[in-house]
Amino acid sequence: MKRNRIRDILSQTQAGGIVTVAGWARTVRSGKGVTFIEINDGSCLANIQAVAETAAHDASLGKISTGASLRVSGRLVDSPGAGQRFEIAADEIALIGAAPPDYPLQKKRHSFEFLREIAHLRPRTNTFGAVLRVRSAMAQAVHEFFRNHGFLYIHTPIITTSDCEGAGEMFSVSASGGEAAGTAHFFGKPAGLTVSGQLEAELVCMALGDVYTFGPTFRAENSNTSRHLSEFWMVEPEMAFAGLDEDARLAEDFLKHLFRAVLAECPEDMAFFDKWVFNGAIERLEKIASSGFSRVTYTEAVGLLEKSGEKFEFAPAWGADLQSEHERYLAERVFGGPVIVTDYPKDIKAFYMKLNDDGRTVRAMDVLVPGVGEIIGGSQREDDLEKLEGRLRSIGLDTAPYWWYLDTRRYGSAPHAGFGLGFERAVQFVTGMQNIRDTIPFPRVPRHADF
RNA sequence: UCCCGGGUAGCUCAGCCGGCAGAGCAGGUGGCUGUUAACCACCCUGUCGGGGGUUCGAAUCCCUCCCCGGGAGCCA
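Residues numbered from 1 in each chain as written. Chains lettered and ligands numbered in written order. Predicted model: local features only at pLDDT ≥ 70, side-chain atom pairs only at ≥ 80, totals over all residues. Heavy atoms only, no water.

## Some thoughts on the nonpolar core
Counting 49 residues, the largest nonpolar core has Met-138, Val-142, Phe-146, Phe-254, Ile-375, Ile-376 and Leu-421 as its most contacted members. Apart from residues no more than four positions distant in its own chain, Phe-254 is found in contact with Val-142, Phe-145, Phe-146, Val-235, Phe-419 and Leu-421. Ranked by size, the runner-up nonpolar core spans 26 residues in total, among them Phe-312, Tyr-344, Tyr-352 and Tyr-402. (Core = buried A, V, L, I, M, F, W, Y, C linked by side-chain atoms within 4.5 Å. Buried < 20%, exposed > 50% of the residue type's maximum accessible area, 1.4 Å probe, protein only. Contact = heavy atoms within 4.5 Å.)

Structural data, given as structure tokens:
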């Protein structure tokens, strides 16, 4: 079906010509003489208004209600009414799919909680259309950034038999039908869905230099919060011959690139979020895109928290993990923007992180942003075989299952570093959406995997 | 998983110190109008989350389970 996208029509400099649009009616206002139909086709936030002389059309015009799909052809003219620049003087209106009166989406505002229950229809709302357009722009920008920086895009496994990644509880994978159903383990040993592509990315990094993954990630944690999903998308770059400083710089440049890309490509959607979802969303992104991220070491951060005079539920103490309230205080009150906290005590971080010379901290970093908290976690990796084996043993892990991982330290080891970005958390930060479940079309969280 | 707050019409919510279940919006009908969250009039809409208990009587009080939201933990 030949059609003109509303986005293209509205970007024209002047009226004129015959256009055909196809989309869904957002609202219909009908009178004796004329009927106004606002159509949205998802190509942009704005609707286009079609005006029909009621008498000139058949009975199907009366069946066009909110939610119906239709096609309209007519002249694109300057609108005499306020509120829109162009409109379509409809010559032909074809109802394609009627929406009966029980169509759940009303013209007025719905709660996000309700929309989550009808996630199959919520892409048809202003907010979710905008979220999905921004999300798409950000995903494209991820690839654009790494391509521009010479990183190779690699695909790491979704199914894994290494339960040793330590990043969280795994979902198990087994055969449920066919001749394999009866076997104890389809893959010969227990298998699960990946909780991180990092370990495999490190392997390829030790050959191709600079690589990244961008794929689905699964955590079987019983987390019920506004910033956790059971299935989420993670971006994980890994750089060879690089340390924590380069890692932090990459993280900062990367985030700024994403923010600039959204500002440039989705100004209309961002204006919508700024007005209806989070006041100041645009200014916040512009400010961050043009200024440096703050940097502190963990030790300095704990010091800042201790002398802040702030009453925390949990008193900050060196050696303890930063609580959510501490992270929020740092990003929102102390630095008023993104802050990179580095060099955490080794006992509260993963085994693979590079030990500092002080013997008690590791080359780790967390990027904290206002409102969301931790958006990136990364580190320089331990590239010394003996130290890595020592770390594994000291936390009571057997080194044998890690033979392939340790081999990269055994043969031609090199310093390398990387991080993981929670893609939905980035979408959350950009749009100001409060709940991460509203940043992905069909969220998977404990008790919910519908649609 | 823990701590709070909730669950009443299709949606958003009021009613909650026990006494006839309500409003706005949506929907239907009619009217009116180059309208724009259109407007006006009328009409329709209920397992008051489920179960149990107290009571002459429970949406309202008690117990319990389920579900939702916010916060915490885990993390990205």
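Now that the structure has been shown, we can carry on.
## Observations concerning the pattern of salt bridges
Proximity of charged atoms lets side chains of opposite charge pair with each other. By the definition in use, this model includes 16 salt bridges. Salt-bridge contacts for Asp-438 lead to Arg-122; the nearest nitrogen and oxygen are separated by 3.0 Å. Of the two residues, Asp-438 is situated in the segment after α12 (423–431) and Arg-122 in the loop between α2 (112–117) and α3 (126–148); the sequence distance between them amounts to 316 residues. Taken individually, Asp-438 and Arg-122 each receive the classification buried, so the pair is uniform in this respect. Close ionic contact of Asp-407 with Arg-410 constitutes a salt bridge, the shortest N to O distance being 2.6 Å. (Salt bridge = Lys/Arg side-chain N within 4 Å of Asp/Glu carboxyl O. Helix = DSSP H or I, 4+ residues; strand = E, 2+ residues; numbered from the N terminus.)

## Things to note about the sheet that holds strand β2 (residues 34–40)
By definition, the strands of a sheet pair up through backbone hydrogen bonds, in either a parallel or an antiparallel sense. Strands sit in the order β1-β2-β3-β5-β4 around a closed barrel of 5 strands; the barrel is mixed. Each adjacent strand pair in this sheet contributes to an overall mean axis angle of 55 degrees, direction not counted. Across 7 bridges, the pairing between strand β1 (residues 18–30) and strand β4 (residues 69–78) is antiparallel. Bridge pairing in β4 places Thr-20 opposite Ser-73. (Pairing = 2+ DSSP bridges. Axes fitted to C-alpha atoms, helices over the stretch in contact; angles between N-to-C directions.)

## A closer look at the pairing of strand β13 (residues 339–345)
In terms of burial, β13 is largely enclosed, as 7 of its 7 residues are buried. Pairing analysis gives 4 bridges linking strand β12 (residues 294–297) to β13, with the strands arranged parallel. The partner of Ser-294 across the bridge, within β13, is Val-339. As paired elements, β13 and strand β14 (residues 361–369) share 6 bridges and run antiparallel to each other. Residue pairing across strands places Ile-340 opposite Val-367, the latter belonging to β14.

## As for the packing of aromatic side chains
Going through the model one piece at a time under the given rule, you end up with 21 aromatic pairs. With centroids separated by 5.3 Å and ring planes inclined at 90 degrees, the aromatic side chains of Phe-312 and Tyr-329 adopt a geometry described as edge-to-face. Linking Phe-312 in the loop between α8 (298–306) and α9 (324–334) with Tyr-329 in helix α9, this pair joins segments that are 17 residues apart in sequence. Judged by its relative accessible area of 16%, Phe-312 is buried. The ring of Tyr-344 has Lys-349 sitting right over it, with the charged end atom 4.2 Å from the ring centre. Above the ring of Tyr-405, the side-chain terminus of Arg-409 is found at 4.2 Å from the ring centroid. (Phe/Tyr/Trp six-rings, centres within 6.5 Å; stacked < 30°, edge-to-face > 60°. Lys NZ or Arg CZ within 6 Å of the ring centre and 35° of its normal.)

## Overview of the protein's contact with RNA strand B
The local shell around RNA strand B holds 51 residues, among which Gly-31, Thr-225, His-228, Arg-425 and His-448 are the closest. Within 4 Å of the protein, the contacting atoms of RNA strand B are 50% sugar and phosphate, with bases supplying the remainder. In the model, a sugar or linking oxygen of RNA strand B is placed 2.7 Å from a nitrogen or oxygen of the Ile-375 main chain. One of the side-chain nitrogen or oxygen atoms of Asn-435 is found 3.1 Å away from a phosphate oxygen of RNA strand B. Listed by contribution, the elements that provide at least two residues to the surface near RNA strand B are β1, β2, β3 (48–53), α2, β11 (231–240), α9, β15 (373–380) and β16 (416–422). By residue class, the composition of the surface near RNA strand B is 11 nonpolar, 23 polar and 17 charged. (Near = heavy atom within 4 Å. Polar contact = N/O pair within 3.5 Å; in protein donor to acceptor, adjacent residues only side chain to side chain. Nonpolar A, V, L, I, M, F, W, Y, C, P; charged D, E, K, R; others polar.)

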